[in-house]
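# Examining the three-dimensional arrangement
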Amino acid sequence: MATFDIRRWRPEDFSAGAASRRQCTWGGDGVTPCPGPPAYTVIDRAGRKWAACSRHVLSHIDDRLRDDE
Ligand SMILES: [Zn+2]
């Protein structure tokens, strides 16, 4: 089991100028950003916030569930 810190994305969740105010930052590879519009704000294991599109929120869930393995 894992608990999740996920809520509906809002630009105010991120500091001015942060990429997460405009785009999904959980996906992509650092060179090519994910083209998906941000739909959720998620928090990683280190407590940092990211924007996730409806597709990449699933990879966030998968990441958190790695503790189960
Ligand atoms: Zn994405």
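Shown above is the structure to which this text applies.
Quick look at the structure, then. From a predicted model like this one, the values you see are computed outputs, not experimental measurements.

Our next topic: the pairing of strand β2 (residues 40-43). The sheet contact formed by strand β1 (residues 6-8) and β2 spans three bridges and is antiparallel. Looking at β2, one finds that Arg-7 is bridged to Thr-41. Inspection of the sheet shows β2 paired to strand β3 (residues 49-52) by four bridges, in the antiparallel sense. Considered in β3, the bridge of Val-42 is made with Trp-50. The hairpin turn running from β2 into β3, its antiparallel successor, is five residues long, and Gly-47 in that turn takes a positive phi close to 90 degrees.

Here is what the cut-offs are and how they apply
Residues numbered from 1 in each chain as written. Predicted model: local features only at pLDDT ≥ 70, side-chain atom pairs only at ≥ 80, totals over all residues. Pairing = 2+ DSSP bridges. Helix = DSSP H or I, 4+ residues; strand = E, 2+ residues; numbered from the N terminus.

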